[in-house]
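The residues making up each chain are set out below.
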Amino acid sequence: MVISLEYDSEVPIYEQLCEQIIIGIATGQLAAGAKLPTVRQLAHELGINAMTVNKAYARLRQEGYIVIDRRRGAMVSLRVDSERDEQYVAKLKRQLRLLIAQASVKGIGRAQFQQLCSEIYSQMAFQH
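Residues numbered from 1 in each chain as written. Predicted model: local features only at pLDDT ≥ 70, side-chain atom pairs only at ≥ 80, totals over all residues. Heavy atoms only, no water.

Draft legend 1. Here's a closer look at the nonpolar core. By size, the foremost hydrophobic cluster in this structure holds 20 residues, and its most contacted members are Leu-17 and Tyr-57. Looking at this core element by element, the count peaks at five residues for helix 1 (residues 13-26). Discounting chain neighbours no more than four positions away, the residues touching Tyr-57 are Ile-21, Leu-36, Pro-37, Val-39, Leu-42, Ile-66, Ile-68 and Ala-74. (Core = buried A, V, L, I, M, F, W, Y, C linked by side-chain atoms within 4.5 Å. Buried < 20%, exposed > 50% of the residue type's maximum accessible area, 1.4 Å probe, protein only. Helix = DSSP H or I, 4+ residues; strand = E, 2+ residues; numbered from the N terminus. Contact = heavy atoms within 4.5 Å.)

Draft legend 2. The arrangement of a nonpolar patch on the surface in detail. Taken together, the side chains of Leu-96, Leu-99 and Ile-100 make up a nonpolar region of the molecular surface, amounting to roughly 240 Å² of accessible area. Note that Ile-100 resides in helix 4 (residues 82-105). (Patch = residues over 30% accessible without salt bridge, like charges linked within 9 Å, V, L, I, M, F, W, Y side chains within 5 Å. Areas by Shrake-Rupley, 256 points an atom, 1.4 Å probe, with all protein chains shown as cover. Salt bridge = Lys/Arg side-chain N within 4 Å of Asp/Glu carboxyl O.)

Draft legend 3. Region of interest: the side chain of Asp-69. Relative to the helices and strands, Asp-69 is located in strand 1 (residues 66-69). In this structure the side chain of Asp-69 is engaged in a polar contact, spanning 3.0 Å, whose partner is the backbone nitrogen of Arg-72. (Polar contact = N/O pair within 3.5 Å; in protein donor to acceptor, adjacent residues only side chain to side chain.)

Draft legend 4. View of the pattern of salt bridges. Summed over all chains, the structure comprises four salt bridges. Between Glu-63 and Lys-91 there is a salt bridge whose closest N-O contact spans 3.7 Å. Highlighted residues: Glu-63 in the loop between helix 3 (50-62) and strand 1 and Lys-91 in helix 4, separated in sequence by 28 residues. Of the charged contacts in the structure, one is a salt bridge between Arg-72 and Asp-69, with a shortest N-O distance of 3.7 Å. On the basis of relative accessibility, which here comes to 48%, the residue Arg-72 falls in the partly exposed class.

Draft legend 5. The packing of helix 1 against helix 3, seen in detail. Interaxial distance between helix 1 and helix 3 falls to 8 Å at its minimum, and their mutual angle equals 50°. The orientation of helix 1 relative to helix 3 falls into the category oblique. Relative to helix 3, the crossing made by helix 1 is right-handed. The residues of helix 3 that touch helix 1, namely those facing Ile-13, Tyr-14, Glu-15, Leu-17, Cys-18, Ile-21 and Ile-22, are Thr-52, Val-53, Lys-55, Ala-56, Tyr-57, Arg-59 and Leu-60. Looking at the contact of helix 1 with helix 3 residue by residue, the class counts come to ten nonpolar, one polar and three charged. (Axes fitted to C-alpha atoms, helices over the stretch in contact; angles between N-to-C directions. Parallel < 35°, antiparallel > 145°, perpendicular 65-115°, else oblique. Left-handed = near helix turned anticlockwise from the far one by under 90°. Nonpolar A, V, L, I, M, F, W, Y, C, P; charged D, E, K, R; others polar.)

Draft legend 6. The arrangement of the environment of Pro-12 in detail. Summarising the element assignment, Pro-12 is placed in the segment before helix 1. A C-alpha to C-alpha distance of 9.3 Å links Pro-12 and Thr-52, two positions 40 residues apart in sequence.

Draft legend 7. Representation of helix 2 (residues 39-46) within the structure. Taken residue by residue, helix 2 has Leu-42, Ala-43 and Leu-46 as its buried positions. Buried residues of helix 2, viewed axially, fall in a sector of 100°; they line one side. Every exposed residue of helix 2 that faces more than 90 degrees away from the buried side is listed here: Arg-40, His-44 and Glu-45. Buried residues along helix 2 sit in contact with helix 1 and helix 3. The positive-phi residue at the C-terminal boundary of helix 2 is Gly-47, with phi of around 70°. (Arc of directions from axis to C-beta.)

Draft legend 8. Representation of the environment of Glu-6. Of note, Glu-6 is situated in the segment before helix 1. Residues Glu-6 and Gln-16, ten residues apart in the sequence, show an inter-C-alpha distance of 7.9 Å. With residues near it in sequence (within four places) discarded, Glu-6 still touches Ile-13 and Gln-16.

Everything listed here is a matter of coordinates, which is why it stays silent on function.
Okay, structure coming up:
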């Protein structure tokens, strides 16, 4: 999987890294159980601070996307946590509510918003 970061973006590097890994999982570029590079390896490859990678991995672990084992390192999570899924759905609803409100304020109506979502969804080539 190729990770592409925008170093001059307003989005923090660790958030971009999280987003890239989540998209990699969703599109099948990173399969369940796949081993991720070590913090030092990834930091070196991307030319970023190891603490930035560590922060991204910690967030991904907290959100259930990866597991971290001292002996085997970081891997894409194999299991689904239904309690975490319920929390995620609640968080997703809050985020969508805000996105829809922002779109509405900018003059984007329901049909256009749904069309944008459909276009992005079809471009992602999800594995599920």
